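Analysis of the macromolecular model
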Amino acid sequence: MSTTIKDPGTIKPADMDLPDPETIKKELLARYPAKVARKRSNQIIVNQKDEDGAFPEIGANVRTVPGIITQRGCSYAGCKGVILGPTRDIVNITHGPIGCGFYSWLTRRNQTRPPTEADDNFMTYCFSTDMQDKDIVFGGEKKLKAAIQEAYDIFKPKAISIFSTCPVGLIGDDVHAVAREMKEKLGINVFGFSCEGYRGVSQSAGHHIANNGIFTHVVGKNDTIKEADFKINLLGEYNIGGDGFEIDRILAECGISIVSTFSGNSTYDQFANAHTADLNTVMCHRSINYVADMMEIKYGIPWIKINFIGAAATAKSLRKIAQYFDDPKLSKKVEEVIEKEMPEIEMVRDEVKKRCGGKLAMLFVGGSRAHHYQELFKEIGMKTVSAGYEFAHRDDYEGREVIPGIKVDADSRNIEELSVEKDGEKYNPRKTEKEMDTLKTKGFEFKDYKGMMEDMEKGALIIDDVSQYETELLLKLYKPDIYCAGIKEKYAIQKSGIPMKQLHSYDSGGPYAGFRGAVNFYNEIDRMVNSKIWGYLKAPWQISPELSAKYGWE
Amino acid sequence: MLLRHTHTEILPREALTVNPAKTCQPVGAMYASLGIHNCLPHSHGSQGCCAYHRSALTRHYREPVMAATSSFTEGSSVFGGQANLIQAIDNIFTTYDPDIIAVHTTCLSETIGDDLYQITNKAVKEGKVPPGKHVFHANTPSYVGSHVTGFANMTKAMALYFSKSTGVHNGRFNIIPGYVEPSDMSEIKRLAREMGIRPILFPDTSDVLNGPQTGKYKMFPQGGTPLEDLVSTGDSMGTIALGPLASADAARALDGKWHVPCRVEDLPIGLSATDRFIDALRKAAGVSVPDSITRERGQLLDIITDMHQYFYQKKVALAGDPDHLIPLVEFLVQIDMMPIHIVTGTSGKAFEKQIQALTAHLPCKVNVKAGGDMFMLHQWIKNDPVDLLMANTYGKYMAKDDDIPFVRFGFPILDRVGHSYFPTTCYRGGMRLLEKILDVLLDRMDRDAPEERFELVM
């Protein structure tokens, strides 16, 4: 944990000369075959607004070039791994050969905390039909049914879900029909997901399939109104490394009550009850903004974008929630909490900034993290010179106003879009139109997300679905002080002598959300970029290899 | 409790696997491909397979694991993955410049029936494979066998694709090390060399997946079996295949194709299996065993005699792969431990028979299952508790719940270091295994000892 304190004179000024981004872009494309270079050229953008104030269009949510060595995973990973992975009391059965279930078993560091020893927790378990060649040839529905029955007999869960892997779609197993039959038979909720790995172009398709499934099969099933003030849902927060626990703590201190979190530390009943909240707050825009839209249309719950990554962003988000509820007591409490939390944060931040200020960061991760984490780096004076998402869409870069203009291609078309209408009984507008308008005139923004580009400096290089080759070149050309991505990228970067922070799983760290999370992150980055170990890469004999012809010490 | 739904009552289970003790073929194939010098593994399927396999191997080794994917979409799943693979081959050679691309299939490309011979031939005809470069493949359907099968299939594929015979012996000996760690591969090479044998070890992940920190990243590190060595395997004097499941197919393929005589031995885990390996090498190569190796054997034996009291009649539960478990059970029985619950996820009746034969003399019931899972193992443990658990990292959930001394062994190990640097095979590896077992057993005695019986000297 030791850090060296650098002479302030050696800290690079924030406005130091960086290499010309257009030249770098050319370098990144130079080696590719012509067709690949043309495609990648649309996905590598120098950040700059045109005269009309619009950002250049980025190629995003498009197919990955085969063979390029991508960071991306598949639809199954997005559905079972990301969205349903953090839910503790549903038995999630992977229907397929053993691998998919095995790899998504506990590897994402989602934390959960069942209230008592008697509460269900299946997150430590992996359930699979382990399909064999005979199931591929003769069909796997029979085995799936038997597996659901056995899961019910042994574990007695309140719900069972089924996740389809690649061969399931190809051989035509109807998981939804099996789910309906078993739901009827067992009297518990059973539902399936067609999240075969080949659907869509990345994990993002799987997020969509998962969220649509939860919205269709679970949300709205429990009408109990929680006795509490200021009830919200937290959408798109997955409790990796305990992020959700820290956010829960802060919200509880403010007196804000969480009805459901999608899906960190979540339960079946929370999802079923989600439609009773009075505000949806969206953390990861990419993975869940459509659920917020659907809940507004069906149940009348407005939604706002919030961000609990970064101390200032956390404070801003709390104030935004308070402004929505428009209650002086809540606003006062929020201010008290911020006032109480900030001194320690500022102390650590200022101390860390002395050692990290002026250093360069790069972030290539996720569908929102590469944007949100720039806040934390900014707070300790670090500059993000290049960033991009692994599986985001254009709106996550350019802002939501581009959504109507996004072309729906063949890969997106096969991901179901739900058509949602007002619920005859359960629709209840939480604010009158007049109240909404009043808030808007005060500058309050509903369902607004401006995207990554707005917050990045002019000339920053924005790269969608970055490849291994581009990563290696970026390291050489920018020489960043830290690079953030995922486990597959980690060690190639560290072997290049540059510290690498995982922003999917946080290595073994976290939480990094909220106030305490910010402090953890400042200290972690300080440890990493100022570690002494990078000074030992060369052995003494590599530093001065000259031989002196002596056999002994004098 | 972490595994709070695992109870003693064992209900019948035919269709549902819970907490698997295996994973799928392609990850084993990817691992084997990394053991060829200047080779990039390629996964012909959806992106997720490649991402998962790279992640699993990266977490286990804490090393870069590079591999490419055909990135199937719904369209390619319907029309076939030919266009994707040919494009991938072009991009890989242009961008990353390996000498070899080792393609393995997935459940997706196997289910739709992509013909990899035809596709790679087409890539060659279209000039996408530069002169002197190679693309070869192994069929590794995920719905057959396990990660061990995938390793075996890729190892066999590399032997069949590259080996040639000039008709003149090269004076060398093929050793197929099996699905073991880079450290084990180094150790096996070291012993062979110490016996004066020049081995061709394939695949060989040493110096690939246990590389140094130098500040300079190289996508293709110095290790891996060189191409010319793979070609030369057809001219070797013989082949020793370690681990029947992982290595026998490749050895027999070389025998069938080039008449390179082969011998299949257990993985050299523990005393007797290592004895058999060394003796087989000695006889096959016609060399004598140097004193240095006999001394290592004696050191292993010395630890056993010195510490026998701590091993004696301790009950052990094991999960792992058949090639590892058979010599491990033999070793544990030899030192008078009692392996009573043994599970592997990989199917095969021969495994159960062999384990039953090895444990037949034990004075207690022994549970063994091939094609079983860790849930089953845990239920057995709950019914008949053990003094020691040896399994991959997933075992730690059982170990914590039931407070069992735990030694990490097998794949994957996600929460400790050491396995890539320090072997558990051969005599020194046996010593390391005993050290690890003793550490957890004696720590437990220390932890639980009443103060008056807390021992300084043990």
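Model, not experiment: these values are computed from the prediction.

If you tally the helices and strands in chain A, you get 23 helices and 14 strands. In terms of C-alpha radius of gyration, chain A reaches 25 Å, essentially the compact-globule figure of 24 Å for 554 residues. Overall, the C-alpha framework of chain A stretches about 85 × 65 × 55 Å when taken along its three principal axes. Out of the 554 residues in chain A, the part that is buried amounts to 63%. Only carbon and sulfur atoms are counted for the fraction: they give 51% of the accessible area of chain A, which is about 22,000 Å². Each charge class in chain A can be summarised by its mean position, and for the 74 positive and 80 negative side chains these summaries are 2 Å apart.

Bringing the overall build of chain B into the picture now. Across its full length, chain B carries 17 helices and 14 strands. By the compact-globule yardstick of 23 Å for 458 residues, chain B fits well, its C-alpha radius of gyration being 23 Å. Oriented by its inertia axes, the alpha-carbon framework of chain B measures out at about 80 × 55 × 45 Å. Burial analysis of chain B (458 residues in total) assigns 62% to the buried set. In chain B, the proportion of contacts linking residues at least 24 apart, taken out of those at least 6 apart, comes to 74%. Positive and negative charge centroids in chain B, built from 44 and 50 side chains respectively, lie 3 Å apart.

With that out of the way, let us pick up the sheet that holds strand β2 (residues 90-95) of chain A. Pairing within the open sheet is mixed, and its five strands lie in the order β5(A)-β4(A)-β2(A)-β3(A)-β1(B). Strands at the two margins of the open sheet, each flanked by one partner only, are β5 (189-193) of chain A together with β1 (17-18) of chain B. Note: β2(A) against strand β3 (residues 127-128) of chain A, two bridges, orientation parallel. Pairing of A:I93 across the sheet is with A:F127, part of β3(A).

Our next topic: the pattern of salt bridges. Taken as a whole and assessed by the stated rule, the structure comprises 66 salt bridges over all chains. Put simply, A:E117 and B:R4 hold a salt bridge, and the shortest N to O gap is 3.9 Å. Of this pair, A:E117 sits in the loop between α4 (98-103) and β3 while B:R4 is found in the segment before β1, placing the two residues in two different chains. Across the pair A:D130 and B:K22 runs a salt bridge whose closest N-O atoms are separated by 2.9 Å. Of this pair, A:D130 sits in the loop between β3 and α5 (133-138) while B:K22 sits in the loop between β1 and α1 (25-33), each in a different chain. Residue A:D130 shares its accessibility class with B:K22, and that shared class is buried. In this structure, a network of salt bridges that share partners links the residues A:E246, A:R249, A:E253, A:K340 and A:E341.

Moving on, we get to the sheet that holds strand β3 (residues 68-69) of chain B. Residues and elements named next belong to chain B. Pairing in this open sheet of four strands is parallel, and the strands run β3-β2-β4-β5 from one edge to the other. Each having just a single partner strand, β3 and β5 (134-138) make up the two edges of the open sheet. Summarising the sheet, strand β2 (residues 39-44) and β3 pair through two bridges and their orientation is parallel. Its bridge partner lying in β3, S43 is registered against T69. Where helix α4 (residues 82-95) meets the sheet, its contacts fall on β2, β3, β4 (100-105) and β5, and the angle it forms with β2 comes to roughly 160°.

Let us now look at the domain arrangement of chain B. Residues and elements named next belong to chain B. According to the domain assignment, chain B consists of domain 1 (25-161), domain 2 (173-292) and domain 3 (310-452). On a C-alpha basis, the centroid separation for the pair domain 2 and domain 3 is 26 Å. With 30 residues of domain 2 at the interface, the matching set in domain 3 holds 24 residues. Note on domain 2 versus domain 3: buried area summed over both sides is about 2,200 Å², and carbon and sulfur give 59% of it. One can count one salt bridge joining domain 2 with domain 3. Residue R276 is joined to E330 by a salt bridge in which the shortest nitrogen-to-oxygen separation is 2.9 Å. Our enumeration of links across domain 2 and domain 3 arrives at 13 residue pairs in polar contact (both at pLDDT 80 or more). At eight residues, the largest contribution of residues to the side of domain 2 that touches domain 3 is made by helix α11 (residues 271-285). Grouping the amino acids of the side of domain 2 that touches domain 3 by side-chain chemistry returns 16 nonpolar, seven polar and seven charged.

The subject of this paragraph is the domain arrangement of chain A. All names here are of chain A. Segmentation of chain A into domains returns domain 1 (75-217) and domain 2 (231-349 + 400-448). For domain 1 versus domain 2, the distance between C-alpha centres works out to 27 Å. Listed by partner, the interface residues are 31 residues for domain 1 and 31 residues for domain 2. Between domain 1 and domain 2 lies a buried interface of about 2,600 Å² when both sides are counted; carbon and sulfur atoms form 58% of it. Taken together, domain 1 and domain 2 are joined by one salt bridge. Counting across the domain 1 and domain 2 interface gives 17 residue pairs in polar contact (both at pLDDT 80 or more). Elements with a minimum of two residues in the side of domain 1 that touches domain 2: α3 (75-83), β5 and α9 (203-217). Here the side of domain 1 that touches domain 2 takes 11 residues from α9, the largest share from any one element. Counted by class, the side of domain 1 that touches domain 2 contains 11 nonpolar, 13 polar and seven charged residues.

Where interface size is quoted, it is often the accessible area lost as the parts come together. On the side of chain B, 75 residues touch chain A, which itself brings 82 residues to the contact. Where chain A abuts chain B, roughly 6,800 Å² becomes buried across the two surfaces, and 62% of that area is made up of carbon and sulfur atoms. The three residues of chain A that bury the most area against chain B are A:P66, A:Y103 and A:K495, which together make up 12% of that side's buried surface. Taken together, the connections running from chain A to chain B amount to four salt bridges. Salt-bridge contacts for B:E74 lead to A:R199; the nearest nitrogen and oxygen are separated by 3.4 Å. Scanning the region where chain A abuts chain B turns up 39 residue pairs in polar contact (both at pLDDT 80 or more). Of all elements in the fold, only α3, α4, β3, α5, α6 (141-155), α7 (166-171), α20 (468-478) and α21 (487-495) of chain A reach the threshold of two or more residues within the side of chain A that touches chain B. The leading source of residues in the side of chain A that touches chain B is α6(A), at eight residues.

Another aspect to go through is the nonpolar core. Formed by 265 residues in total, the largest nonpolar core has its most connected members in A:I148, A:F155, A:F193, A:I321, B:L389 and B:M390. Those residues in contact with A:I148 that sit more than four places away from it in its chain are A:I93, A:I160, A:I162, A:V178, A:M182, A:L186 and A:V190. With 48 residues, the next largest nonpolar core counts A:I24, A:L475, B:A68 and B:I119 among its residues.

Moving on, we get to α4(B). Over its 14 residues, α4(B) runs 20 Å from end to end, which matches the ideal 20 Å to within 8%, given 1.5 Å per residue. Following α4(B) by one or two positions, B:D97 adopts a phi angle in the positive range, close to 55°.

Below, the discussion takes up the packing of α1(B) against helix α2 (residues 47-61) of chain B. Residue and element names in this part refer to chain B. Where α1 contacts α2, the axes come no closer than 10 Å and their chain directions differ by 60°. With respect to their mutual orientation, α1 and α2 come out oblique. The handedness of the crossing between α1 and α2 comes out as right-handed. Contacts between α1 and α2 involve P26, V27, M30 and Y31 from the first element and C50, H53, R54, L57 and Y61 from the second. Among the residues forming the contact of α1 with α2, the class breakdown is seven nonpolar, one polar and one charged.

Moving on, we get to the packing of aromatic side chains. In total, this model carries 41 aromatic pairs over all chains according to the counting rule given. Taking 5.8 Å as the distance between ring centres and 65° as the angle between the ring planes, the aromatic pair formed by A:Y125 and A:F155 counts as edge-to-face. Here the residue A:Y125 occupies a position in the loop between α4 and β3, and A:F155 occupies one in helix α6, the gap between them amounting to 30 residues. A single burial state applies to A:Y125 and to A:F155, both of which are buried. With centroids separated by 4.9 Å and ring planes inclined at 25°, the aromatic side chains of B:F151 and B:Y179 adopt a geometry described as stacked.

Rules used throughout
- Residues numbered from 1 in each chain as written.
- Chains lettered and ligands numbered in written order.
- Predicted model: local features only at pLDDT ≥ 70, side-chain atom pairs only at ≥ 80, totals over all residues.
- Heavy atoms only, no water.
- Helix = DSSP H or I, 4+ residues; strand = E, 2+ residues; numbered from the N terminus.
- Rg over C-alpha atoms; globule rule 2.2 N^0.38 Å.
- Buried < 20%, exposed > 50% of the residue type's maximum accessible area, 1.4 Å probe, protein only.
- Areas by Shrake-Rupley, 256 points an atom, 1.4 Å probe, with all protein chains shown as cover.
- Lys, Arg positive; Asp, Glu negative; His and termini not counted.
- Charge placed at Lys NZ, Arg CZ, Asp CG, Glu CD.
- Contact = heavy atoms within 4.5 Å.
- Pairing = 2+ DSSP bridges.
- Salt bridge = Lys/Arg side-chain N within 4 Å of Asp/Glu carboxyl O.
- Axes fitted to C-alpha atoms, helices over the stretch in contact; angles between N-to-C directions.
- Domains from an automatic or database assignment.
- Buried area = accessible area lost by both parts, 1.4 Å probe.
- Polar contact = N/O pair within 3.5 Å; in protein donor to acceptor, adjacent residues only side chain to side chain.
- Nonpolar A, V, L, I, M, F, W, Y, C, P; charged D, E, K, R; others polar.
- Core = buried A, V, L, I, M, F, W, Y, C linked by side-chain atoms within 4.5 Å.
- Expected span 1.5 Å × (residues − 1).
- Parallel < 35°, antiparallel > 145°, perpendicular 65-115°, else oblique.
- Left-handed = near helix turned anticlockwise from the far one by under 90°.
- Phe/Tyr/Trp six-rings, centres within 6.5 Å; stacked < 30°, edge-to-face > 60°.

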